[in-house]
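Chain by chain, the residues:
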Amino acid sequence: VTVAPEDIGYVKSLGADEIIDYTKQDFTDIIRDYDAVFDTVGGEVLLLSLPVLRHGAKAVSMIASVDDKRANEAGVSVTTQSTKVLTDRLSELAELADEGIIKVRIGRTFPLENIQEAFAAREAGTRGKVVVAIS
């Protein structure tokens, strides 16, 4: 996993096997022949990720899309992931979080009447999820 220095302890606690501080290290110089990349940054990061994959591997991006030509040149397949939000899926995720099976990092919580502050906190780069509580 690639992270900022302040998140190294956090990803270790989640069980990360290999941690790359992207402020000091270039992941393209460190890793090779991976089976998959999950991109949550987008843009150039997805393109830089293609050469670290083995032939036949997969890249999934939450944000970016890459043209088929670049993926074919690298010998990998690229998919853009999107999530359809449904009540039953959210209920299942909430249950998994309640059971501690998945961990959610809450950065800040705001009451609904302060939703503008919540958006501002997210825009400012609050670490963790910004939650709006509805009573």
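Everything that follows concerns the structure shown earlier in this document.
Residues numbered from 1 in each chain as written. Predicted model: local features only at pLDDT ≥ 70, side-chain atom pairs only at ≥ 80, totals over all residues. Heavy atoms only, no water.

(A) A look at a nonpolar patch on the surface. A cluster of nonpolar side chains, namely V85, L90, L93, I101, I102, V104 and I106, defines an oily patch on the protein surface of about 620 Å² accessible area. For L90, a relative accessible area of 46% puts it in the partly exposed group. (Patch = residues over 30% accessible without salt bridge, like charges linked within 9 Å, V, L, I, M, F, W, Y side chains within 5 Å. Areas by Shrake-Rupley, 256 points an atom, 1.4 Å probe, with all protein chains shown as cover. Salt bridge = Lys/Arg side-chain N within 4 Å of Asp/Glu carboxyl O. Buried < 20%, exposed > 50% of the residue type's maximum accessible area, 1.4 Å probe, protein only.)

(B) Region of the structure containing the pattern of salt bridges. Enumeration over the complete set of coordinates arrives at 4 salt bridges. For R54, the salt bridge identified is with D35, shortest N-O distance 2.4 Å. One end of the pair, R54, is in strand β4 (residues 53-61); the other, D35, is in strand β3 (residues 34-39), and 19 residues separate them in sequence. Residue D35 is classed as partly exposed on the basis of its relative accessible area of 49%. Residue K69 is joined to E73 by a salt bridge in which the shortest nitrogen-to-oxygen separation is 3.9 Å. Of this pair, K69 and E73 are both found in helix α4 (residues 68-74), 4 residues apart, which corresponds to roughly one turn of the helix. No difference in accessibility class separates K69 from E73, as the two residues are exposed. Residues participating in the shared-partner salt-bridge network are D7, R105 and R127. (Helix = DSSP H or I, 4+ residues; strand = E, 2+ residues; numbered from the N terminus.)

(C) The arrangement of the packing of aromatic side chains in detail. Per the stated rule, a full pass over the model turns up 0 aromatic pairs. A cation sits over an aromatic face here: R105 above Y10, 4.0 Å from the ring centre. (Phe/Tyr/Trp six-rings, centres within 6.5 Å; stacked < 30°, edge-to-face > 60°. Lys NZ or Arg CZ within 6 Å of the ring centre and 35° of its normal.)

(D) Here's a closer look at the nonpolar core. By size, the foremost hydrophobic cluster in this structure holds 14 residues, and its most contacted members are L53 and V76. With 3 residues, the single largest contributor to this core is β4. With residues up to four places along the chain from it excluded, the contact list for L53 reads D33, Y34, D35, A36, V37, K58, A59 and V76. (Core = buried A, V, L, I, M, F, W, Y, C linked by side-chain atoms within 4.5 Å. Contact = heavy atoms within 4.5 Å.)

(E) Up close: unusual backbone geometry. The backbone of D33 shows a phi angle near 60 degrees, a positive value even though the residue is not glycine. Inspection of the secondary structure puts D33 in the loop between α2 (27-30) and β3.

(F) The arrangement of helix α5 (residues 87-98) in detail. Look at α5: 16 Å from first C-alpha to last across 12 residues, which is about the 16 Å you get at 1.5 Å a residue. A positive backbone phi angle near 80 degrees is found at G100, which sits one or two residues after α5. (Expected span 1.5 Å × (residues − 1).)

(G) Quick peek at the environment of R70. Here R70 lies in helix α4. Taking the C-alpha atoms as reference points, R70 and D35, 35 residues apart in sequence, are found 17 Å from one another. Excluding residues within four positions of it along the chain, R70 makes contact with L47 and L50.

(H) Seen up close, the side chain of T126. Note on placement: T126 falls in the loop between α6 (115-123) and β7 (129-133). Relative accessible area serves as the criterion here: at 16%, T126 is assigned to the buried category.

(I) Focus on the sheet that holds strand β5 (residues 77-80). One open sheet accounts for 3 strands, arranged β3-β4-β5; its pairing is parallel. Edge positions in the open sheet fall to β3 and β5, since each of these has one partner strand only. Strand-to-strand, the axes of this sheet are offset by a mean angle of 15 degrees, without reference to chain direction. In this structure, β3 lies alongside β4, joined through 5 bridges in parallel fashion. Across the sheet, F38 pairs through a bridge with V60, a residue of β4. (Pairing = 2+ DSSP bridges. Axes fitted to C-alpha atoms, helices over the stretch in contact; angles between N-to-C directions.)

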